[in-house]
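# Structural features, examined
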Protein chains: 2
Amino acid sequence: METIQDYDIAVIGGGPAGLAAGVYASRGGLKTVLFEKALIGGQITTTADVENYPGFEETLSGFDITDKMKKQAEKFGTEIIQENIRSLKFEKLNNTVETASAKYKVKAIILATGANPSKLGIEGEEKYTGRGVSYCATCDGALYRGKTVAVVGGGDSAVEEAIFLTKFAKKVYIIHRRDKLRAVKLTQERALGNEKIEVVWDSVVKAIKGTEYVEKLEIYNKKTQKTSELSVDGIFIYVGIIPNNELVNSQIKLDEQGFIITNASMHTNIPGIYAAGDVVQKILRQVVTAAADGAIAAFSAEKWLEENKDKQS
Amino acid sequence: METIQDYDIAVIGGGPAGLAAGVYASRGGLKTVLFEKALIGGQITTTADVENYPGFEETLSGFDITDKMKKQAEKFGTEIIQENIRSLKFEKLNNTVETASAKYKVKAIILATGANPSKLGIEGEEKYTGRGVSYCATCDGALYRGKTVAVVGGGDSAVEEAIFLTKFAKKVYIIHRRDKLRAVKLTQERALGNEKIEVVWDSVVKAIKGTEYVEKLEIYNKKTQKTSELSVDGIFIYVGIIPNNELVNSQIKLDEQGFIITNASMHTNIPGIYAAGDVVQKILRQVVTAAADGAIAAFSAEKWLEENKDKQS
C-alpha cells in the first residue's frame, strides 16, 4: 500500500531554517515538500519572547514568528507533511524519503533537522522529567508560581530563562560550574540585578531527589569541594544542544560534536544534499541565521538542479 | 571645533546588515553608533514588494521592513548618525571614524556599506539619467504610465522589475545579451506569460538617444550582427552590482570584484574589523542573509572585545 510521489526538493524539518528553505524553494518554482515530525516551528516555539529577529520591533513569540513563516511557505506552494521519516536514501537526483505511509522520490534534499537540549545525565534527571525537571521554561514556567526553582547553566539561554522564570517563581537559583556567566553582558546585568535571582557559583548538580516530584538538589562546589543540598520545586536544564543527525549519521560528513559540515552554499559532502540551521556547524544559532541558511540552501539547490537538468529523468 | 566620542562599536551603513548588527550589538550591551550617509534602509528601500523575507507572510515594502529594523536597533540603544564618513583609520581597539563634524574612537567596526548598481557605460547613459535612464523601477516606474520602457538584464532583479513595470507601462521590453534568462523559474514564467512583456534576445544596448528625454535605443543583435533601433520612453538598467568599498580599499582584503573577504565569523583580515551584507563576498545577497551577517558580525565583535578586554584602555 505504498505510494511514490515525486518532488524537486524535500526539506527535512519545520523550524526557521526549513520554513525559510520552503519559502525560497517554492517561490523559486520548485515543487517542494517539507517534513516535520513534531510541531511546526522547531526549538524556537518554546521561546516566549523573541526580541532580536530583525524586522520585528515588537517582541513576538517563537511560535508566532514561525507560524508566519509557515503561512509564507505555504503561500508559495510548499506542501507540509507532519510525519516521522523512517529513512533517507541518497542517490544523485533520485533520493528517497520514506515515511510510515509513503515513499517520496526527490531530486534534492535540504536537511534542517535542528538540535535538542543536552541532558546532564545525573541521578533523578530522567525519573523526574515532567515532574520537576524541565528543558523549557517557556513551556513549564507557569507551573512554578510562587515556588523555588533552579536553572543549570551560564550561557544566554540559561540566564535569559532564569530571568523569565522570575515572572512566576519567588526564587530562582542559577547553578553554574564556573565563577563567571557566559551570557551577553546585558542579559548578565539584568539577571544579577534581579532580586529574585541568586547565582550558585563554581557548582554542579550531582543528583536530583524527591518523592513524587523534585524536592531537592545535591550540589557539589568545585572550589570548596563540599557537597550541599538545595531545596527546590523545579530544575531547568540549559547546558547546550545536540544536533539531530540520526537520519544521516553514517553518510554525511559531521564535525566532532555531530553537527553537519557544509560549504558556504550550505552544500554537504553529498551532491544535491544541503543542510541549514541548528544542525549545521556554525558560529551563531539564532532564528535569523537559521532562516538565512535555509534561503541559501534553497537558492543553491535550485542552481544545482538547473545545472544538472540534462541528467534528470 | 572637533569633538571626540568613544564607542564600543561603529557600524558603517544603515541597510539590513548594519541595522541587524545594531540590534545585536546594542542588545548585547555594547555602546553602538551606526553611520548612514544617505537614507536609512539601504538598497532594499527601492524595492516596493519584499515577499521573501522570512516571517512577513504579508508582503511589505523594503522601506517598511528596514524602518522596523531601525526602530528595533534604536530600542536597544543604537545611536544612528546620518552623516558622511570622511575616513576610517584602523588601529587595534582604537579605531577612528571621522565625519565632517566629529571624530569617533571605536574599539571595533562593522563594515556594512552595501553595494550599488552597475552602469552600462554607454553613450547617453549618464546624460539621460533621471530623464529616461533609471536604476530603480520602484522609484521611477510610476512616471511611465501608458508608456513604453526597456529593462536591460536577465537576472532576478531585471525580470522582477520588468514584471513590476507592467503595472504602469503599456509595453516592457527585456533586452538580454543571452538566449536565456538567469532569473528563477517562477519569475521567468511570470514574465514570459505576461502579454505586456517582450524579450529581445541575444542583444545589447549600444547607445541611448533622444532630445530632452530618452526616445530610442540603439540595439545590437549578437547573433544576427545587425543593429536596429527601438523606440522607448525609458530604460531601466539591472546588470549587476558593485561593492561600496571606497572607505577601505587599500587596507582590507577584497576579492577580484572588490567584495570584502571575511571568515565565517564575518571577521575581515584586520583584527576587530568585521563586515556584513552586500559589500561582502557571498553566495546570495538578500535581506535575510544581510541581516544574518549583521547578527553574526555583532556577536563575533562582542566575543572579540570580551577576549581583548585586558588590553583595552
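Residues numbered from 1 in each chain as written. Chains lettered and ligands numbered in written order. Predicted model: local features only at pLDDT ≥ 70, side-chain atom pairs only at ≥ 80, totals over all residues. Heavy atoms only, no water.

### Some remarks on the relation of the copies chain A and chain B
The operation relating the pair of chain copies consists of a rotation about an axis and a translation along that axis. Applicable threshold: Superposition of the copies used a least-squares fit over C-alpha atoms from residues whose pLDDT is at least 70 in both. Contact definition: two residues touch when any of their heavy atoms are within 4.5 Å.
For the pair chain A and chain B, the superposition axis carries a translation of 0.0 Å, the fit reaches an RMSD of 0.1 Å, and the rotation angle comes to 180 degrees. The transformation just described matches what one would write down for a two-fold rotation axis. Measuring from the rotation axis to each C-alpha of chain A, the shortest distance belongs to A292 of chain A, at 3.1 Å. Interface residue correspondence from chain A to chain B reaches 100%, placing this contact among same-surface, isologous pairings.

### Quick notes on the sheet that holds strand 10 (residues 171-175) of chain B
Residues and elements named next belong to chain B. The following threshold applies: Pairing between strands requires that DSSP locate at least two bridges from one strand to the other. Strands are runs of DSSP state E lasting at least 2 residues, helices are runs of H or I lasting at least 4, and numbering of each runs from the N terminus. Lines fitted to C-alpha atoms define the axes here, with helix axes fitted over just the stretch in contact, and angles between the N-to-C directions of these axes take values from 0 to 180 degrees.
Strand order in the open sheet made by the five strands is 8-15-9-10-11, with parallel pairing throughout. Looking at strand neighbours, the two that pair on one side only are strand 8 (133-134) and strand 11 (197-200), the edges of this open sheet. Bridge count between strand 9 (residues 148-152) and strand 10: five bridges; the pairing is parallel. Paired with V151 across the two strands is I174, which belongs to strand 10. Its contacts with the sheet put helix 4 (residues 156-165) on strand 9, strand 10, strand 11 and strand 15 (234-237), and the angle it makes with strand 9 is roughly 170 degrees.

### Quick notes on the confidence of the model for chain A
To keep things clear, this is the line we draw: pLDDT measures the predictor's confidence residue by residue and takes values from 0 up to 100.
Taken over all residues, the pLDDT of chain A has a mean of 92, while the share at 70 or more is 98%. Here the prediction assigns the complex a pTM of 0.82, and the interface score ipTM is 0.81.

### Considerations on the domain arrangement of chain A
Residues and elements named next belong to chain A. Short version of the rule: Annotation comment: domain bounds sourced from an automatic or database domain assignment. Here the quantity called buried area is the total loss of accessible area, with a 1.4 Å probe, experienced by two parts when brought into contact, counted for both. Each reported salt bridge corresponds to a side-chain nitrogen of Lys or Arg within 4 Å of a carboxyl oxygen of Asp or Glu. In protein, a polar contact means a hydrogen-donor-capable atom and an acceptor-capable atom, both N or O and within 3.5 Å, with residues adjacent in sequence counting only if both atoms are side-chain atoms; elsewhere, any N or O pair within 3.5 Å suffices.
By domain assignment, chain A separates into domain 1 (2-116 + 241-311) and domain 2 (119-237). Distance between the C-alpha centres of domain 1 and domain 2: 33 Å. On the side of domain 2, six residues touch domain 1, which itself brings five residues to the contact. Roughly 360 Å² of surface becomes buried between domain 1 and domain 2 when both sides are summed, with 50% attributable to carbon and sulfur atoms. Remark: the boundary between domain 1 and domain 2 carries one salt bridge. One salt bridge connects E51 with R190, and the closest N-O pair in it is separated by 3.7 Å. Linking domain 1 with domain 2 are zero residue pairs in polar contact (both at pLDDT 80 or more).

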